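One-letter residues, chain by chain:
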Amino acid sequence: MTRLLVRLLPDLGHISAFEQMRASIGALIGIAVTGFATLLLLGADTAIPLLVAPMGASAVLLFAVPSSPLAQPWSIIGGNVSAAVVGIGCRMLIPDPLLAAAVAVCLAIALMFVLRCLHPPGGAVAVTAVLAGPIADTLGFGFAVVPIGLNSALLLAVALGYNRLTGHRYPRLRPSGNVNPHGTRDPLPRDRTGFTLDDLDIVLERRGKVVDIDRNDLMEILTTAEHEAYRRRSGDLTCGDVMSRDVVTVSPTTTIGEAWAIIRDRDFSVLPVTTDDRKLVALLTRENFVDAVGKGLGRPSLLADKRLERGLDKGFSTRMPVERIASKAPLTAMTTTSIAELVPILSKAGLHHIAVVDEATRLIGLVTQTDLVMALFKGNVGSMNKRAD
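Thresholds, definitions, all that
- Along every chain, residues carry numbers that run from 1 in the direction the sequence is written.
- It should be noted that, the model being predicted, local features are given only for residues of pLDDT at least 70 and side-chain atom pairs only at 80 or more, the latter also being counted only at that level, while totals for whole chains, interfaces and linings use all residues.
- Side-chain figures throughout are based on the complete set of non-hydrogen atoms in the structure, without hydrogens or water.
- In DSSP terms, a helix is any run of H or I states spanning at least four residues, a strand is any run of E spanning at least two, and both are numbered starting from the N terminus.
- Each residue is assigned to one of three classes by its accessible area relative to the maximum for its type, calculated with a 1.4 Å probe on protein chains only: buried under 20%, partly exposed between the two thresholds, exposed over 50%.
- Contacts: residue pairs with any heavy atoms within 4.5 Å of one another.
- Any two strands with at least two DSSP bridges between them are considered paired.
- Note on terminology: pairs of cysteine sulfur atoms within 2.5 Å are recorded as disulfides.
- What the arc covers is the set of directions going from the helix axis to the C-beta atoms.
- In the sections that follow, a salt bridge refers to a side-chain nitrogen of Lys or Arg positioned within 4 Å of a carboxyl oxygen of Asp or Glu.
- Only C-alpha atoms enter the line fits that serve as axes; for helices the fit covers just the stretch in contact. Angles between N-to-C directions range over 0 to 180 degrees.
- Angular relationships are summarised with four words: roughly parallel below 35 degrees, roughly antiparallel beyond 145, roughly perpendicular across 65 to 115, and oblique for the angles in between.
- Here is the rule for handedness: rotate from the far helix to the near one, and if that takes an anticlockwise turn smaller than a right angle the crossing is left-handed, while a clockwise turn gives right-handed.
- Residue type decides the class: Asp, Glu, Lys and Arg count as charged, Ala, Val, Leu, Ile, Met, Phe, Trp, Tyr, Cys and Pro as nonpolar, and the leftover types, Gly among them, as polar.

Secondary structure summary: the protein chain contains 15 helices and 6 strands in total. Relative to its full complement of 389 residues, the protein chain shows a buried share of 37%. Taking the intrachain contacts of the protein chain between residues at least 6 apart in sequence as the baseline, contacts between residues at least 24 apart amount to 64%.

Here it is in structure tokens:
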């Protein structure tokens, strides 16, 4: 019996003590502000309820699970108001209050699905509207505006501020889509392998059930879990194991002409820019040169010959220091950073290399995409050989 009771407990996963406290205090502030603000707006002698019970359920969603699709602004406003309209309509048309309440909940859920504003407390709002007593008859459909709409708007306003102040992104806006920065129809590199959002949509459609988590959040969680699993399978390889250590650098005052000569003669794709004590200042890439020439002449093809070394007009000169065109504040990694962590970093940022630094931001090495591919390939081969043995 005890084992059965334990199995009935929902598995919420680990929820930190801070998050539990944050949600609880948020609900306290939200309900208090909503009630007192309504009192100030309507006055103490009003017959209109200052606070309706379903707001407590809305507070649970807005402050405890603000990332849920059921807790978004349109969900609370549209869900509560539409459910109140349905409840008042059922109260007017169906004499028996129990039957009216049942029909109101049924129709409220159906309407919220149509309006895409499903909000569980809306069912309680529909019942509240049916059983509200004489005040509902007096206000009619105005009951959906005050107190339902007013309470919902005030509670939402508190949630918008409180969630932002406590580090939660709210509301959760629908993403505009992953636009390929190269202007082609190809998906981004991180979307070409593994499962995609389309795959997730197919599975959700097959299940045909309501999932009370944003599909993009779910995708992010699953992708992160996939990376974590890969990190576990890829062993202990770190940046310190695969990086190039003998890295050629230039100083911030090195001229553009000198730096270009190094990149061209040694066939480099990147040159770290460091101070005399090896502190990383910037990364100078071929793209920086193309961008700079484009701004100066609009003719990036000049990079292909030696005319760049003789200087370019229109404000662009090879005598300029490289700090004028290099990429400042580059992404970096530590020697202890797992190579599995670099895969999403390089793919999301569209980088071909990442500098490895110590605690004092002194340059130690450089990891390129080639280094990463070879390390991952050899790691997989090693794993396959072990399984074969």
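Let's shift gears to the pairing of strand β2 (residues 280-285). Among the 6 residues of β2, 5 are classified as buried, and the element is accordingly described as predominantly covered. Bridging between strand β1 (residues 270-274) and β2 involves 5 bridges; their strand directions are antiparallel. Across the sheet, residue Val270 finds its bridge partner in β2, namely Thr285. Note: β2 against strand β3 (residues 327-328), 2 bridges, orientation antiparallel. The partner of Leu283 across the bridge, within β3, is Ser327.

Right, let's get into the state of the cysteines. By the definition in use, this model includes 0 disulfides. With no disulfide partner, Cys90 has as its closest neighbouring cysteine sulfur the one in Cys106, 8.8 Å distant. For Cys90, a relative accessible area of 5% translates into the label buried.

The next point concerns the sheet that holds β2. Strand order in the open sheet formed by 3 strands is β1-β2-β3, with antiparallel pairing between adjacent strands. The open sheet has two edge strands, β1 and β3, and neither has a second partner.

Okay, unusual backbone geometry next. Across the junction of Val146 and Pro147, the peptide omega takes the value 15°, indicating a cis bond. Along the polypeptide, Pro147 turns up in helix α8 (residues 145-165). Cis geometry marks the peptide bond from Tyr170 to Pro171, where omega comes out at 0°. Mapped onto the secondary structure, Pro171 falls in the loop between α8 and α9 (197-207). Of note, Arg278 is a non-glycine position whose phi angle comes to about 75°, a positive value. Structurally, Arg278 is set in the loop between β1 and β2. On the accessibility criterion, Arg278 (29% relative accessible area) is partly exposed. We note that Thr361 has phi near 60°; this positive angle belongs to a residue other than glycine. Counting through the fold element by element, Thr361 comes out in the loop between β5 (353-357) and β6 (363-368).

The set of residues buried in helix α12 (residues 256-266) consists of Ile256, Gly257, Ala259, Trp260 and Ile263. End-on view of α12: buried residues confined to an arc of 160°, all on one side of the axis. Seen from the buried face of α12, the exposed residues on the opposite side, beyond 90 degrees, are Asp265 and Arg266. Directly after α12, the chain includes Asp267, whose backbone phi takes a positive value near 60°.

Strand order in the open sheet made by the 3 strands is β4-β5-β6, with mixed pairing throughout. Only two strands of the sheet have a single neighbouring strand rather than two, namely β4 (332-333) and β6. The pairing of β4 with β5 spans 2 bridges and is classified as parallel. Paired with Ala333 across the strands is Val356, a residue of β5.

Overall, the coordinates contain 5 salt bridges when judged by the stated rule. Salt-bridge contacts for Arg22 lead to Glu19; the nearest nitrogen and oxygen are separated by 3.1 Å. In this pair, Arg22 and Glu19 both sit in helix α2 (residues 17-42), 3 residues apart, roughly one turn of the helix. Here the two residues Arg22 and Glu19 agree in accessibility, since each one is buried. Asp265 serves as the salt-bridge partner of Arg264, at 2.9 Å between the closest nitrogen and oxygen. Owing to a relative accessible area of 33%, Arg264 belongs among the partly exposed residues under this scheme.

With that out of the way, let us pick up the packing of α2 against helix α3 (residues 54-64). Remark: α2 packs on α3, axes separated minimally by 9 Å, with the N-to-C direction vectors making an angle of 140°. Taken together, α2 and α3 sit at an angle that is classed as oblique. Viewed along their axes, α2 and α3 form a crossing whose handedness is right-handed. Seen from α2, the contacting residues are Glu19, Arg22, Ala23, Gly26, Ala27, Gly30 and Ile31; seen from α3, they are Met55, Gly56, Ala59, Phe63 and Ala64. Looking at the contact of α2 with α3, its residues break down into 7 nonpolar, 3 polar and 2 charged.

Attention shifts here to the packing of helix α4 (residues 73-93) against helix α5 (residues 97-115). The geometry of α4 relative to α5 is characterised by a closest axis approach of 8 Å and an angle of 145° between their N-to-C directions. Note on packing geometry: the crossing formed by α4 with α5 is right-handed. Taken together, the residues of α5 that come into contact with α4 (itself represented by Trp74, Gly79, Ser82, Ala83, Val86, Gly87 and Cys90) are Ala100, Val103, Ala104, Leu107, Ala108, Leu111, Met112 and Leu115.

This next bit is on the side chain of Thr34. Mapped onto the fold, Thr34 is located in helix α2. The buried category is assigned to Thr34, whose relative accessible area is 1%. Other than its neighbours up to four places away in sequence, Thr34 contacts Leu51, Asn151, Leu154 and Leu155.

Shape is all these values report; function is a separate question.
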